Amino acid sequence: MGSSRWKVAAAAFLTIVSFLLTVDADEHEHTYTDKEEVVLWMNTVGPYHNRQETYKYFSLPFCAGSKKTISHYHETLGEALQGVELEFSGLDIKFKEEVMQTTYCEIDLDKAKRDAFVYAIKNHYWYQMYIDDLPIWGIVGEADENGEDHYLWTYKKLEIGFNGNRIVDVNLTSEGKVKLVPNTRIAMSYSVKWKKSDVKFEDRFDKYLDPSFFQHRIHWFSIFNSFMMVIFLVGLVSMILMRTLRKDYARYSKEEEMDDMDRDLGDEYGWKQVHGDVFRPSSHPLIFSSLIGSGCQIFSVSLIVIIVAMVEDLYTERGSMLSTAIFVYAATSPVNGYFGGSLYAKQGGRRWIKQMFIGAFMIPAMVCGTAFFINFIAIYYHASRAIPFGTMVAVCCICFFVILPLNLVGTILGRNLSGQPNFPCRVNAVPRPIPEKKWFMEPAVIVCLGGILPFGSIFIEMYFIFTSFWAYKIYYVYGFMMLVLVILCIVTVCVTIVCTYFLLNAEDYRWQWTSFLSAASTAVYVYMYSFYYYFFKTKMYGLFQTSFYFGYMAVFSTALGIMCGAVGYMGTSAFVRKIYTNVKID
């Protein structure tokens, strides 16, 4: 019985891994012989201003061509999660074989079908198609100036460019404007023209990129501005803070040379006074260590995926970015277990299995919970974004058969290799009372102010990322993204170190959560900016698009906050350990 279970688990694991590794999302190898079949896939249709609100192409009463048999299509996990709904158009297209204008089907336009087309035209519906993985967009129709009469484009004029035995360019021209009148027959036609092109196969996606948008002067200015902020903050930490620390060291050394009477009469204050409590375990260590482990994993995933995107041009394959992110997240689960498990062990935690489960499922539960909620709305709308049941099962199998075991391995390694509490100072048995301090030195105020500078270093890049996801821009400047990630980490570490120094100098030893939350508060400002972007930079509308936007923006902001919090805490932890190592303590 037990062996059969292991066989089922192994089979599921192999299926999932092969599913994830299938990044090339087409049945072809992108090479053709003369008169070989070329498939025109109809993907989705939806309102122009709501990019994520998409429906199956044939949810509108379009008709398909007469051809029925084609090669088999393989769908990847990323495509299924992104709502890709490829359906065969039924059009007969062969490599280098031109087709004159030909009627491929007719629509019997009754009142219901006319109303469906009129609704689509009023809401600016347009559709997406694919030929050899190259996307093509077309508009359903248009209305006259008065908005009384509505017209449907009935003629798809395809012009396909080829270089040798490869397709390198596709253009669609919509013609044949026909007025929508009930109880009439509308003929749908197409033509195909082939032309030789000098475009290299490797460069065929360049026409979809927008260098004028991403290479805009404000983009370069924002990077320069963030770079100057990094120099300023690093200078602040290395010069002012270290100079202050030298004075503190000198003062503490002088106090060591005093006799007991002079020391009692002296004015003892500063961060040295809390040396017996600074390494005290944080409150709620189980949740705290799970957050740190998850943040380290998110940072690892971000770094690896950006590097892969810089090398591989993932935007050229449907769903490849999401498939890669899921695979990398599953593969980096030991990072989560290692850092979370070791920190929990250092803080004296004993329920390490519970911590491992919480750390392993914290991010997947958040993402899947949000997706599950939005899925109900997508099902109600009959949208293509509704995630199929089989895809849900595949994601759950990844969590239980890949992420959890790897997290367990990382937790065991972390507890055994670096789980010993080797702090430079002993922890007092009784916590020291925290003295009163100025209002602006309270942890709540520090947390609110800590995220302003990190957000200021990335908010311009946030605009470009938002535009590429919520509008019709392909993000391809991953070198910029890598630079911004490095800048964000440096700024976050510098800010949290300064905040922690001021907190400890006020003899408040609650620095663990304060350093994490002050860095994580960047996410609050990002989410607030998403409200501004929604209302002032887009024309989105409707329950589906609104819930999709704010739901996934909440997921993105939370993940960003956990990553920033973990980076801030790790940098601050090294700083705190360093300054207390260099002080002579009785």
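Residues numbered from 1 in each chain as written. Predicted model: local features only at pLDDT ≥ 70, side-chain atom pairs only at ≥ 80, totals over all residues. Heavy atoms only, no water.

- As recorded in an unreviewed UniProt entry, the chain goes by Transmembrane 9 superfamily member and comes from Channa striata.
- On record in UniProt, under Sequence similarities (unreviewed entry), the comment for the chain is "Belongs to the nonaspanin (TM9SF) (TC 9.A.2) family."
- As stated in UniProt under Subcellular location (unreviewed entry), the record for the chain gives "Membrane". (UniProt positions renumbered as here; feature names shortened; annotations may be inferred.)

1. Re the packing of helix 7 (residues 285-312) against helix 17 (residues 543-581)
Packed helix pairs are characterised by how far apart their axes lie and by the angle those axes make with each other.
Now for step 1: Running from N to C, helix 7 and helix 17 point in directions that differ by 105°, and their axes come no closer than 7 Å. For the element pair helix 7 / helix 17, the angle class is roughly perpendicular. Taken together, the residues of helix 17 that come into contact with helix 7 (itself represented by Phe288, Leu291, Ile292, Ser294, Gly295, Cys296, Ile298, Phe299 and Ser302) are Ala559, Ile562, Met563, Gly565, Ala566, Val567, Tyr569 and Met570.
Now for step 2: A class-by-class count of the residues in the contact of helix 7 with helix 17 yields 13 nonpolar, four polar and no charged. (Axes fitted to C-alpha atoms, helices over the stretch in contact; angles between N-to-C directions. Helix = DSSP H or I, 4+ residues; strand = E, 2+ residues; numbered from the N terminus. Parallel < 35°, antiparallel > 145°, perpendicular 65-115°, else oblique. Contact = heavy atoms within 4.5 Å. Nonpolar A, V, L, I, M, F, W, Y, C, P; charged D, E, K, R; others polar.)

2. Here we look at the nonpolar core
Now for step 1: Ile93, Ile131, Val140, Ile167 and Tyr580 are the most contacted members of the largest nonpolar core, which has 152 residues in total.
Now for step 2: Counting residues per element, this core draws most heavily on helix 14 (residues 478-505), which supplies 18 residues.
Now for step 3: Residues within four places of Ile93 in sequence aside, it is in contact with Glu36, Glu37, Val38, Leu40, Ile131, Leu158, Ile160, Tyr190, Val192 and Trp194. (Core = buried A, V, L, I, M, F, W, Y, C linked by side-chain atoms within 4.5 Å. Buried < 20%, exposed > 50% of the residue type's maximum accessible area, 1.4 Å probe, protein only.)

3. Quick word on the pairing of strand 6 (residues 134-139)
Now for step 1: Relative to strand 6, strand 5 (residues 125-131) runs antiparallel, the two being bridged by six bridges. Among the inter-strand pairings, Ile131 is bridged to a residue of strand 6, identified as Leu134.
Now for step 2: Linking strand 5 back to strand 6 in an antiparallel pair, the connection comprises two residues, with Asp132 at a positive phi of about 55°. (Pairing = 2+ DSSP bridges.)

4. What about the packing of helix 7 against helix 8 (residues 320-331)?
Now for step 1: At their nearest, the axes of helix 7 and helix 8 sit 9 Å apart, and the two run at 140° to each other. Relative to helix 8, the element helix 7 lies oblique. Remark: the crossing between helix 7 and helix 8 carries right-handed chirality. Facing Gln297, Val301, Ile304, Val305, Val308 and Ala309 of helix 7, the residues of helix 8 in contact are Met321, Thr324, Ala325, Val328 and Tyr329.
Now for step 2: In the contact of helix 7 with helix 8, the residues fall into nine nonpolar, two polar and no charged. (Left-handed = near helix turned anticlockwise from the far one by under 90°.)

5. Here's the deal with a negative patch on the surface
Now for step 1: Together, Glu202, Asp203, Asp206, Glu312 and Asp313 make up a region of like negative charge exposed at the surface.
Now for step 2: The residue Asp313 is located in the loop between helix 7 and helix 8 in this model. (Patch = residues over 30% accessible without salt bridge, like charges linked within 9 Å, V, L, I, M, F, W, Y side chains within 5 Å. Areas by Shrake-Rupley, 256 points an atom, 1.4 Å probe, with all protein chains shown as cover. Salt bridge = Lys/Arg side-chain N within 4 Å of Asp/Glu carboxyl O. Lys, Arg positive; Asp, Glu negative; His and termini not counted. Charge placed at Lys NZ, Arg CZ, Asp CG, Glu CD.)

6. Focus: unusual backbone geometry
Now for step 1: Of note in the backbone geometry, Lys96 takes a positive phi value of approximately 65° without being a glycine.
Now for step 2: Here Lys96 lies in the loop between strand 3 (87-88) and strand 4 (99-109).
Now for step 3: Accessibility expressed as a relative area gives 36% for Lys96, which makes it partly exposed.
Now for step 4: Backbone geometry at Asp133 places phi at a positive 70°, although glycine is not the residue there.

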